[in-house]
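As a plain string of letters, each chain reads:
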Amino acid sequence: NQILAEMIPEFEQASNAEEYHLTVAKMVSHLHDAHAVVSSETLSNYFGLASPPVRCRLIEDKVVVTEIIADTETSLEEGDAIKIGDPIKIGNLIKIGDIITSIDGIDVKEKFKELSQYYSASTQASLEHFVVQGILDGAESIATLGIETGSTGGGKTKFIKLARRIKYKSPEESKDESTDKS
């Protein structure tokens, strides 16, 4: 009851469907139950259905690449239109063990904090798992990732570009995102 009373002003301030759906997700996150899930087409569009061809885990409070899904990718350039060039090996850009420090110019810790408010989880480990699974997601586009190479990082950051594509999401990850359950 207390959370509902605290959230009413946020519901009243929601000026569009996206703000309303985000407020619902934020309210449900206070249940601290991984079985409490809010899903809608609006939220899927906000968080994005596409991902780059890597999977990550949170290890020692760092977002670490743990899997590379595709062997090759076309080289990409941003501009008025995406320009596609010759195929390149993804392993030449990013490797298992690399630490992601930023996503599209946003510090990964800031993005993690922002996304965390929309997930309901019974434990911190569960919350970390849910957030990291979607932290790289967005619309089909070019993701600019700041990465530190290797498990120690070394303080040197390089920036790479990878395509976010829906095809990189596994069927389990995207099966509930294609239907509106609001």
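Residues numbered from 1 in each chain as written. Predicted model: local features only at pLDDT ≥ 70, side-chain atom pairs only at ≥ 80, totals over all residues. Heavy atoms only, no water.

1. Concerning the overall build of the protein chain
Helices and strands together make up the secondary structure of the protein chain, namely six helices and eight strands. Burial analysis of the protein chain (182 residues in total) assigns 38% to the buried set. A sequence separation of at least 24 residues applies to 61% of the contacts in the protein chain between residues at least 6 apart. A total accessible area of about 10600 Å² is found for the protein chain, and carbon and sulfur atoms account for 51% of it. (Helix = DSSP H or I, 4+ residues; strand = E, 2+ residues; numbered from the N terminus. Buried < 20%, exposed > 50% of the residue type's maximum accessible area, 1.4 Å probe, protein only. Contact = heavy atoms within 4.5 Å. Areas by Shrake-Rupley, 256 points an atom, 1.4 Å probe, with all protein chains shown as cover.)

2. Points about the pairing of strand 7 (residues 141–148)
The buried fraction of strand 7 is high, at seven of eight residues. Pairing between strand 7 and strand 8 (residues 157–164): eight bridges, direction antiparallel. The residue bridging Ala 143 from the neighbouring strand is Leu 162, located in strand 8. (Pairing = 2+ DSSP bridges.)

3. A short note on the packing of aromatic side chains
Scanning the model with the defined rule gives five aromatic pairs in all. Pairing Phe 47 with Tyr 119 gives two aromatic rings, centres 6.3 Å apart and planes at 40°, and the pair type is tilted. Taken together, the residues span a long stretch of sequence, with Phe 47 in helix 3 (residues 41–47) and Tyr 119 in the loop between helix 4 (108–116) and helix 5 (124–134) at a distance of 72 residues. Judged by its relative accessible area of 19%, Phe 47 is buried. The exposure class of Tyr 119 is partly exposed, given its relative accessible area of 24%. (Phe/Tyr/Trp six-rings, centres within 6.5 Å; stacked < 30°, edge-to-face > 60°.)

4. Let's talk about the nonpolar core
Among the nonpolar cores identified, the biggest contains 29 residues, and Cys 56, Ile 94, Ile 100, Ile 135, Leu 136 and Leu 145 are the most heavily contacted of them. The residues touching Ile 135, leaving out its near neighbours within four places in the chain, are Val 63, Ile 103, Val 108, Lys 111, Phe 112 and Leu 115. (Core = buried A, V, L, I, M, F, W, Y, C linked by side-chain atoms within 4.5 Å.)

5. Observations regarding the packing of helix 1 (residues 2–13) against helix 2 (residues 17–29)
It is at 9 Å that the axes of helix 1 and helix 2 come closest, and there the two elements cross at 170°. Considering the angle they form, helix 1 stands roughly antiparallel to helix 2. Across the interface between the two elements, Ile 3, Leu 4, Met 7, Glu 10, Phe 11 and Gln 13 from helix 1 touch Glu 19, Tyr 20, Thr 23, Val 24, Lys 26 and Met 27 from helix 2. (Axes fitted to C-alpha atoms, helices over the stretch in contact; angles between N-to-C directions. Parallel < 35°, antiparallel > 145°, perpendicular 65-115°, else oblique.)

6. What to know about the confidence of the model for the protein chain
With 80% of its residues at a pLDDT of 70 or more, the protein chain shows a mean pLDDT of 84. No element of the protein chain has a lower mean pLDDT than helix 6 (residues 171–174), which averages 50, and none a higher one than strand 6 (residues 106–107), which averages 97. This model gives residues 174–182 a pLDDT under 50, and the stretch forms 17 contacts once residues within four places in sequence are excluded. (pLDDT = per-residue confidence, 0-100.)

7. What to know about the environment of Asp 98
Topologically, Asp 98 is positioned in the loop between strand 4 (83–89) and strand 5 (99–103). Along the sequence, Asp 98 and Val 64 sit 34 residues apart, while their C-alpha atoms lie 5.7 Å from each other. In terms of polar contacts, Asp 98 uses its side chain to reach the backbone amide nitrogen of Lys 95, at 2.8 Å. (Polar contact = N/O pair within 3.5 Å; in protein donor to acceptor, adjacent residues only side chain to side chain.)

8. Topic: the environment of Lys 62
Among the secondary structure elements, Lys 62 is positioned in strand 2 (residues 62–68). Looking at Lys 62, the relative accessible area reads 38%, which means it is partly exposed. For the pair Lys 62 and Ile 99, spaced 37 residues apart in sequence, the C-alpha to C-alpha distance is 6.5 Å.

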